[in-house]
Structures are given as structure tokens and as C-alpha cells.
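Survey of secondary and tertiary structure
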Amino acid sequence: MKTSETFKLIVPDFIKAQKELQKIVKTESNDHFKSKHETLEDVLEEIKRVLNSNNMMLTQPICWREGQQFLETVIVHISGEWFMGELLLINKAGTDQGQGSSITYTKRYCAEALMGISTTKDDDGEAAEGRAKKKGKQEPGPKQKGEASPQINNSGFPACKTCDAIIRVSKDRKHYF
């Protein structure tokens, strides 16, 4: 996680915003997995509502570095203080639609991580270990010859030092705040 030089004015308003967060209702159905989930719009609407009412904003620009595309998730306070995390965008499909899907998925999970919330069920790391219970029939997608699999951390995200730090802060936020 990266932060502005000073970090003392944003913290009280961020804590207040976290306390004001309301449960995000699952409004969308996934017929493939026979489940309901929160939409990106629902998640961002609630996050922006509490941030904006506490003098903060959320922005999620995409940047290129060393030939790779990253999504930055930044919370900026009216004082100018800020903190951010970033995550590598992975487009396994190699198509425009795949890129759009990667951006959408990453926006949701990075915004949740930076806010210290989760809208997904905790599987205690079972999916990362390949032991997750699967709903419905799932066929593994074809793997391209020579394609490297990204390393996945314990939270199911591609390994990234910044994202790992966000996840640690999110899980241990009582320690930091």
C-alpha cells in the first residue's frame, strides 16, 4: 500500500466511513453457479456513498508499467492525503471482452480490499489450494502451450506485494486504526 507523506487527517474520516458502510444486497443472479452476487455498481455505489459523505473520494485509474497493465485504487481525502493499492490486470482470454471483464472484476475486489470489506464468502483458502467445493459443472479452460499460471496468494488474488499489503491492512485494520 502506498500513502501520502502525512496520513493523520484521513484516518478519522476513513474510520467513520467504514462504520457507516451498510451490507450490500445481492441483486444479481449467476445462472452458471446458481448463486446471487453483488454487482460492481452496487459495491461502488455504497463505497462512494460513505466516502463522499466523509470528505473522501474513490478513483480507479489504469496505468502501464514495464509493459504490464495495473488497476490503481485510490482513496483521496479533502485534505489532500491519500492511500492506494494496485493490482496487475490479467486478461487470460486476450480479447477486448476479456480485458473488460478483468477490469470489472479487479475494480470490485480492489475497492473492497481497500475499504476492508468482503462481499464474497470466505472459503478459508480452499480455492487457492484447489479444494473448493464447486457448484454446477465446471470445465477447466484450455491452457495455452507455455502459458505460465500467475501465482495466487492466500486471498485468491494474483500475488502482488501491494495487494498483499492491502489485504493485511484490511484484515488487521483494528491494529492500524
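In short, a report on the structure. These figures come from a predicted structure and were not determined experimentally.

**Some points on the overall build of the chain**
When helices and strands are tallied, the chain shows 5 helices and 7 strands. Traced from its N-terminal end to its C-terminal end, the chain shows the element sequence β-α-β-β-α-β-β-β-β-α-α-α. Counting every position in the chain, which comprises 177 residues, the buried fraction comes to 37%. Long-range pairs, those at least 24 residues apart, make up 53% of the contacts in the chain between residues at least 6 apart in sequence. Carbon and sulfur atoms form 50% of the exposed surface of the chain, whose accessible area is close to 11800 Å².

**Overview of the nonpolar core**
Membership of the largest hydrophobic core comes to 19 residues, with the highest contact counts inside it found for Phe 14, Ile 47, Leu 51, Met 56, Leu 58, Ile 75 and Met 115. Elements represented by at least two residues in this core include exactly α1 (10-20), α2 (40-52), β4 (56-59) and α3 (96-115). Membership of the second largest hydrophobic core comes to 5 residues, among which are Leu 71, Leu 87, Ile 103 and Cys 110.

**Notes on the packing of α2 against α3**
Between α2 and α3, whose axes approach to 10 Å, the crossing angle comes to 35°. Once α2 is placed against α3, the crossing between them reads as left-handed. Residue-level inspection shows Leu 40, Val 43, Leu 44, Ile 47, Val 50 and Leu 51 of α2 in contact with α3, the latter providing Thr 104, Lys 107, Arg 108, Ala 111, Glu 112 and Met 115. Considered class by class, the residues forming the contact of α2 with α3 number 8 nonpolar, 1 polar and 3 charged.

**Observations regarding unusual backbone geometry**
With the exception of glycine, most residues fall at negative phi, and the peptide bonds are largely trans. In this structure, Asn 55 is a non-glycine residue whose phi angle is positive, near 65°. Residue placement: Asn 55 occurs in the loop between α2 and β4. Even without a glycine there, the phi angle at Glu 66 is positive, about 50°. Classification of Glu 66 by relative accessible area gives exposed; the value is 79%.

Thresholds applied
- Throughout this description, residue numbers start from 1 for each chain and increase along the sequence as written.
- The predicted nature of this model means local features are confined to residues of pLDDT at least 70 and side-chain atom pairs, given and counted, to a pLDDT of 80 or more, with totals for whole chains, interfaces and linings taken over all residues.
- Think of the side-chain values as coming from all heavy atoms in the structure, minus any hydrogens and water.
- What counts as a helix is a DSSP run of H or I of at least four residues, what counts as a strand is a run of E of at least two, and both are numbered from the N terminus.
- Type-normalised accessible area, obtained with a 1.4 Å probe on protein chains alone, sets the label of each residue: buried when under 20%, exposed when over 50%, and partly exposed for intermediate values.
- Any two residues whose heavy atoms approach within 4.5 Å at even a single point are treated as in contact.
- Calculation of accessible area relied on Shrake-Rupley with a 1.4 Å probe; when residues are assessed, cover is drawn exclusively from the protein chains displayed.
- Only buried residues count toward a nonpolar core, which is a set of Ala, Val, Leu, Ile, Met, Phe, Trp, Tyr and Cys residues joined through side-chain atoms within 4.5 Å.
- Convention adopted: a line fitted to C-alpha atoms gives each axis, helices being fitted over their contacting stretch, and angles between N-to-C directions are expressed from 0 to 180 degrees.
- Rotating anticlockwise by less than a right angle from the far helix to the near helix defines a left-handed crossing, while the corresponding clockwise rotation defines a right-handed one.
- Classes in brief: Ala, Val, Leu, Ile, Met, Phe, Trp, Tyr, Cys and Pro nonpolar; Asp, Glu, Lys and Arg charged; the others, Gly included, polar.

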